[in-house]
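Here is how the chains run, residue by residue.
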Amino acid sequence: MATGAKPMRADAARNRDKLLAAAVQMFAERGLDAPLEEIARRAGVSIGTLYNHFPTREAFFDVIFPERLGALDRIAATALAADDSWAGFVGFIEGLFTLQAADRGMNDALAQRFPMSSAVKAACRRGFEQAERVIERAKDDGVLRADFESQDLVTLVWAMSQVIRESMDVAPLAWKRHLAFFLDGLRADAGTVPAPAWE
């Protein structure tokens, strides 16, 4: 709270907490385009109360996602601590997509389907910087294709986010099958044809 700012009234603080809880649930269930009116209804408050606390959809994102994206740091730390750098790389990728598959809002945030604030972008950027360390370690050990780059991971996140989004309700584990094929093609000994360069 800013210095000199009035403390929030107890009822206002309760309403804000209810709105945050409802937004977390709604975004997880329906994605970041979940109707704000439905969030207010689930929280048991008016839409005016919602806008008093969260004037834009992005204001919810600012509060919810920087901390939740910290999970990427934990996944990366586990990957970098693995004795086997290929196992660490695979663990990072699987951990990333497990986060996305468990929560439509996280799936949308990581795929950057909506404009994000600088705080959310910074959390995503930190996660991808960690991913670069995981990638470089596996490449240095000669177990990951030398031509795989961090931009390829970004593209994979975009693609897999769509697979997850479209299959979540009918085949929630389809992404795992797709990822298994993809990972097999990333082994160093699988790279018989160099990938075209990024332009």
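Residues numbered from 1 in each chain as written. Predicted model: local features only at pLDDT ≥ 70, side-chain atom pairs only at ≥ 80, totals over all residues. Heavy atoms only, no water.

Novice: Report on the packing of helix α4 (residues 57–68) against helix α8 (residues 118–140), specifying residues and quantitative values.
Specialist: Two elements in contact, α4 and α8, have axes whose closest approach is 8 Å; the angle formed by their N-to-C orientations is 20 degrees. When the interaxial angle is binned, α4 and α8 end up roughly parallel. Here α4 runs over α8; the crossing is left-handed. Residues Phe61, Asp62, Phe65 and Pro66 of α4 form the contact with α8, whose own contacting residues are Ala119, Val120, Ala123 and Arg126. (Axes fitted to C-alpha atoms, helices over the stretch in contact; angles between N-to-C directions. Helix = DSSP H or I, 4+ residues; strand = E, 2+ residues; numbered from the N terminus. Parallel < 35°, antiparallel > 145°, perpendicular 65-115°, else oblique. Left-handed = near helix turned anticlockwise from the far one by under 90°. Contact = heavy atoms within 4.5 Å.)

Novice: Which residues make up α4, and what values do they have?
Specialist: With 12 residues, α4 ought to run about 16 Å at 1.5 Å a step, and its terminal C-alpha atoms sit 17 Å apart, in line with that. Considered for burial, the residues of α4 that qualify are Arg57, Ala59, Phe60, Phe61, Ile64 and Phe65. If you follow the buried residues of α4, they end up packed against α1 (10–30), α2 (36–43), α3 (47–53), α7 (104–110) and α8. (Expected span 1.5 Å × (residues − 1). Buried < 20%, exposed > 50% of the residue type's maximum accessible area, 1.4 Å probe, protein only.)

Novice: Describe the packing of helix α5 (residues 71–81) against α8, and please don't skip the residues or the numbers.
Specialist: Contact geometry of α5 with α8 gives a least axis separation of 9 Å together with a crossing angle of 15 degrees. Looking at the two axes, α5 sits roughly parallel to α8. Taken as a pair, α5 and α8 cross one another with a handedness that is left-handed. Residues Leu72, Asp73, Ala76, Ala79 and Leu80 of α5 touch α8, and the partners they reach there are Arg126, Gly127, Gln130, Arg133, Val134 and Arg137. Its residues assigned to classes, the contact of α5 with α8 comprises five nonpolar, two polar and four charged. (Nonpolar A, V, L, I, M, F, W, Y, C, P; charged D, E, K, R; others polar.)

Novice: Outline the confidence of the model for the protein chain, listing residues and values.
Specialist: Overall, the predicted model of the protein chain reaches an average pLDDT of 89, with 94% of residues at or above 70. Mean pLDDT values over the elements of the protein chain span from 88, in α8, up to 97, in α2. (pLDDT = per-residue confidence, 0-100.)

Novice: Give a description of the packing of aromatic side chains that names residues and reports values.
Specialist: One pass over the structure, following the stated rule, counts seven aromatic pairs. Here the aromatic rings of Phe27 and Phe60 are separated by 6.1 Å at their centres, their planes lie at 85 degrees, and the arrangement is edge-to-face. With Phe27 in helix α1 and Phe60 in helix α4, this pair connects stretches of sequence that are 33 residues apart. Each of the two residues, Phe27 as well as Phe60, counts as buried. Between Phe27 and Phe61, the ring centres sit 5.6 Å apart and the planes meet at 65 degrees, which makes this aromatic pair edge-to-face. Taken together, the positions of Phe27 in helix α1 and Phe61 in helix α4 put the pair 34 residues apart, joining distant regions of the chain. For the pair shown, Phe27 and Phe61 are each scored as buried. Chaining the aromatic ring pairs together yields one cluster made of Phe27, Phe54, Phe60, Phe61 and Phe65. (Phe/Tyr/Trp six-rings, centres within 6.5 Å; stacked < 30°, edge-to-face > 60°.)

Novice: Which residues make up helix α6 (residues 85–102), and what values do they have?
Specialist: The end-to-end C-alpha distance of α6, which contains 18 residues, comes to 25 Å, matching closely the 26 Å that a straight helix rising 1.5 Å per residue would cover. By the burial criterion, the buried members of α6 are Ser85, Trp86, Gly88, Phe89, Val90, Phe92, Ile93, Gly95, Leu96, Phe97 and Gln100. In this structure, the buried side of α6 is in contact with α5, α7, α8, α9 (150–167) and α10 (174–184). Its side-chain oxygen 2.8 Å from the backbone nitrogen of Trp86, Asp84 forms the N-cap of α6. (Polar contact = N/O pair within 3.5 Å; in protein donor to acceptor, adjacent residues only side chain to side chain.)

Novice: Could you give an account of a negative patch on the surface, with specific residues and numbers?
Specialist: Negative charge collects at one region of the surface, where Asp83, Asp84, Asp140 and Asp141 lie side by side. Turning to its location among the elements, Asp140 is positioned in helix α8. Note on Asp140: relative accessible area 63%, which makes it exposed. (Patch = residues over 30% accessible without salt bridge, like charges linked within 9 Å, V, L, I, M, F, W, Y side chains within 5 Å. Areas by Shrake-Rupley, 256 points an atom, 1.4 Å probe, with all protein chains shown as cover. Salt bridge = Lys/Arg side-chain N within 4 Å of Asp/Glu carboxyl O. Lys, Arg positive; Asp, Glu negative; His and termini not counted. Charge placed at Lys NZ, Arg CZ, Asp CG, Glu CD.)

Novice: Talk me through unusual backbone geometry; I want residue IDs and the actual numbers.
Specialist: Phi is positive for Gln112, which is not a glycine, with a value near 55 degrees. Tracing the sequence through the fold places Gln112 in the loop between α7 and α8.

Novice: Could you give me a rundown of the environment of His178, with the residues and numbers involved?
Specialist: With respect to the helices and strands, His178 occurs in helix α10. Sequence-distant contacts of His178, that is, excluding residues within four places in its chain, are made with Met160 and Val163.

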